[in-house]
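Coordinates in review
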Amino acid sequence: MHSTEQSLCGSFLRNWSDDRQVVNMAFENTLVSVIVPVYRTENYLEQCVDSLLKQTYSKLEIILVDDGSPDGSPALCDWFAAQHENVRVIHKQNEGAAFARKSGLDAAAGEYVLFLDGDDWLDSDAISECMETAIRDSADCVMFGYVREYPGKSILNPLFDQDYTWDALQSEERVHRRIVGQMGQELRQPHRIDNLSSFCMRLLRTDRAREGKFISERIIGTSEDTIFNLYALDGCRISYINRCFYHYRKTDTSMIMSHKPDLADKWDVMYGEIETYINGSGKTEMYRTPFLNRLACGMIGLGLNEVGSSESLGKKAAKIRHILNKPLYREAFRQLDITPCGLKWKVSFLLCKARAAFLLTILLQIMNYLRSRVAA
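Here the residue index of a chain counts from 1 through its sequence in written order. Confidence filtering applies because this is a predicted model: local features only for residues at pLDDT of at least 70, side-chain atom pairs given and counted only at 80 or more, and all residues used for totals across whole chains, interfaces and linings. Heavy atoms throughout the structure, all of them, feed into the side-chain values; hydrogens and water do not.

**Details of the pairing of strand β10 (residues 238–249)**
Rules: When accessible area is computed with a 1.4 Å probe and restricted to protein chains, residues below 20% of their type maximum are described as buried, those above 50% as exposed, and intermediate ones as partly exposed. The helix count covers DSSP runs of H or I at least four residues long, the strand count covers runs of E at least two residues long, and both are numbered beginning at the N terminus. Strand pairing follows a simple DSSP-based rule, namely that at least 2 bridges must link the two strands.
A large share of β10 lies buried, amounting to nine of its twelve residues. In terms of strand pairing, strand β5 (residues 121–122) meets β10 through two bridges, oriented antiparallel. Pairing of Leu122 across the sheet is with Tyr246, part of β10. Two strands pair when backbone bridges link them, and strand β6 (residues 141–150) and β10 are joined in this way by nine bridges, in the parallel orientation. Its bridge partner lying in β10, Val147 is registered against His247. One ladder, built from three bridges, connects strand β8 (residues 164–166) with β10; its direction is antiparallel. Pairing of Thr165 across the sheet is with Ser239, part of β10.

This is the structure we're talking about:
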């Protein structure tokens with residue numbers, strides 16, 4: 001080897017070694033705060049906290065936020081804090097999961113933060129892998145997949161098909177715009193519309209997380225995580241690890257399928273929050289179509305909620321007709337391209353487009369029955 005080649009090779013190896021040392025130092029010295037909202041999770045909290053105490057990444061603070069839980073969870077939180085010096089507890093008046101997370105975030109000392117629900121758990125290498133990726137890629141956010149954990153059955157849910165690292169512009173299209181709603185071939189799977197919206201399944205720089213907007217699920221019904229992420233992930237550089245580190249417990253099907261009489265009104269508030277973000281972001285032209293597609297896809301969830309009530313078929317149809325006749329829903333279905341959708345979705349959306357509320361109610365009644373049979 002010529003002396004010039006040796007010099008270049010030696011310089012490369014020294015630079016690589018120096019870069020690796022910087023990564024290792026950052027990896028070893030960066031505190032991560034894990035925030036766990038706790039409410040009625042007495043039976044599951046030990047598994048949740050144990051999965052954090054066994055993390056291979058050691059620079060952790062675990063913040064348990066007791067949201068005024070009426071069961072034995074508060075005492076369990078205090079016990080964990082007494083046993084482990086990196087566990088902190090916040091006891092607060094019950095306000096819902098969103099504000100429990102905000103209380104934890106306000107108290108967090110870590111440079112990065114991760115949210116974990118009190119009845120779920122993480123693989124032991126989850127935070128270590130995320131931190132290594134965050135430091136290597138200079139990522140503001142590291143996302144990963146999850147496992148739906150049913151009694152006796154686990155279903156993997158990767159978010160994408162391989163590892164990715166995107167710059168801010170690519171992240172806007174691949175993740176941020178998707179949080180608003182789907183477009184094109186993404187509409188082949190309308191049921192995955194909120195797949196990227198969770199508070200969980202991601203490690204976030206704390207300063208980015210504090211840009212998020214917290215709004216109570218009691219005001220908007222669901223999707224408080226969508227509102228948070230629209231603000232928190234705006235302009236982020238995002239990486240994705242194609243592993244399912246997060247275990248999402250799915251046991252309480254009665255809660256999922258129970259009728260919520262004010263859900264449509266709350267979703268109107270939620271859609272208003274999304275519109276407020278879009279109109280103030282300068283992205284109206286880019287985000288208007290996915291937003292309307294979100295509205296259209298959400299109609300099926302609203303319809304299933306309405307047919308879950310104990311009212312007569314005629315009254316259910318009248319409520320669904322009332323929703324379909326709202327100007328924003330009429331606009332959403334007028335522009336919706338159903339070409340990519342599967343047969344079940346095409347039929348549902350065609351009935352919505354035609355505002356054929358009675359036929360749609362019958363179809364949704366059948367779907368709701370089949371869904372309850374699968375969950376049983």
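**Details of a nonpolar patch on the surface**
Put simply, the rule reads: Like charges within 9 Å and nonpolar side chains (Val, Leu, Ile, Met, Phe, Trp, Tyr) within 5 Å are joined into patches, using only residues over 30% in relative accessible area that form no salt bridge. Values of accessible area rely on a 1.4 Å probe in the Shrake-Rupley scheme; residue burial ignores everything except the protein chains shown. In the sections that follow, a salt bridge refers to a side-chain nitrogen of Lys or Arg positioned within 4 Å of a carboxyl oxygen of Asp or Glu.
There is a patch of nonpolar side chains on the surface, built from Leu313, Phe358, Leu359, Ile362, Ile366, Tyr369 and Leu370 and spanning about 650 Å² of accessible area. Looking at which element gives the most residues to the nonpolar patch, the answer is helix α16 (residues 357–375), with six residues. Relative to the helices and strands, Ile366 is located in helix α16.

**Topic: the pattern of salt bridges**
When the charged atoms of two side chains with opposite charge come close together, those side chains can pair. Enumeration according to the criterion identifies 22 salt bridges in this entry. With its nearest N and O atoms 2.9 Å apart, the salt bridge here joins Glu95 to Lys92. Its relative accessible area of 37% is what places Glu95 among the partly exposed residues. Judged by its relative accessible area of 15%, Lys92 falls in the buried class. A salt bridge links Lys102 to Asp106; its shortest N-O distance comes to 3.1 Å. Taken together, the residues Lys102 and Asp106, both in helix α4 (residues 97–107) and four residues apart, mark about one turn of the helix. Residues joined by salt bridges that share partners form a network here, namely Asp67, Lys92 and Glu95.

**Things to note about the environment of Ser216**
Quick reminder of the rule: Whether two residues are in contact is decided by their heavy atoms: any pair within 4.5 Å suffices. Polar contact criterion, stated in full: a pair of N or O atoms within 3.5 Å, where within protein one must be able to donate a hydrogen and the other to accept it, and residues adjacent in sequence count only if both atoms are side-chain atoms.
Checked against the element boundaries, Ser216 lands in the loop between α7 (206–209) and α8 (217–220). With a relative accessible area of 5%, Ser216 lands in the buried category. Sequence-wise, Ser216 and Gly308 are 92 residues apart; in three dimensions their C-alpha atoms are separated by 24 Å. The residues contacting Ser216, other than those within four sequence positions of it, are Glu95, Ala98 and Phe99. A distance of 2.9 Å separates a polar side-chain atom of Ser216 from the backbone nitrogen of Arg218.

**Some details on helix α11 (residues 263–281)**
Rules: Expected span, for any helix, means 1.5 Å times one less than how many residues it has. Arc, as used here, means the arc of the directions from the helix axis to the C-beta atoms.
Taking 1.5 Å as the rise per residue, α11 with 19 residues should run 27 Å; its terminal C-alpha atoms sit 27 Å apart, in good agreement. Listing the buried residues of α11 in full gives Leu263, Ala264, Trp267, Met270, Tyr271, Glu273, Ile274, Tyr277 and Ile278. Here the buried residues of α11 occupy an arc of 165° about the axis, which is enough to place them on one side. The exposed residues of α11 that point more than 90 degrees off its buried face are Asp265, Asn279 and Gly280. Check the buried side of α11 and you find it contacts α6 (168–180), α8, α9 (224–232), α12 (284–307), α13 (313–324) and α14 (327–335).

**Points about the packing of aromatic side chains**
For the record, the criterion: Only Phe, Tyr and Trp rings take part, Trp by its six-membered ring, and two of them pair if their centres are within 6.5 Å. Stacked means planes under 30 degrees apart, edge-to-face means over 60, and tilted covers everything else. Only lysine NZ and arginine CZ atoms are considered, and such an atom sits over a ring when it is within 6 Å of the ring centre and within 35 degrees of the ring normal.
Overall, the coordinates contain 18 aromatic pairs when judged by the stated rule. Seen in terms of ring centroids, Phe160 and Tyr164 are 6.0 Å apart; in terms of plane orientation they differ by 80°. Their pairing is edge-to-face. Taken together, the ring pairs connect Phe115, Phe199, Phe214 and Phe228 into an aromatic cluster. Sitting above the plane of the Tyr150 ring, Lys153 keeps its charged end 5.4 Å from the centroid. Taking the ring centre of Tyr164 as reference, the NZ or CZ of Arg174 above it sits at 4.9 Å.

**Overview of the environment of Gly272**
Mapped onto the elements of the fold, Gly272 is located in helix α11. Residue Gly272 is classed as partly exposed on the basis of its relative accessible area of 28%.

**Re the pairing of strand β2 (residues 60–66)**
Going by this rule: If you view a crossover with the strands going away from you and the path from the first strand over the helix to the second runs clockwise, you call it right-handed.
Most of β2 sits out of view: seven of its seven residues are buried. Of the two faces of β2, the one holding Leu60, Ile62, Leu64 and Asp66 and the one holding Glu61, Ile63 and Val65 are both buried throughout. As judged from the seven bridges shared by strand β1 (residues 32–38) and β2, these two strands associate in the parallel manner. The residue bridging Val36 from the neighbouring strand is Leu64, located in β2. Each parallel crossover has a hand, and the one from β1 via helix α2 (residues 45–53) to β2 is right-handed. Both β2 and strand β3 (residues 87–91) contribute to a ladder of five bridges, which runs parallel. In the sheet register, Val65 faces β3, and the bridge partner there is Ile90.

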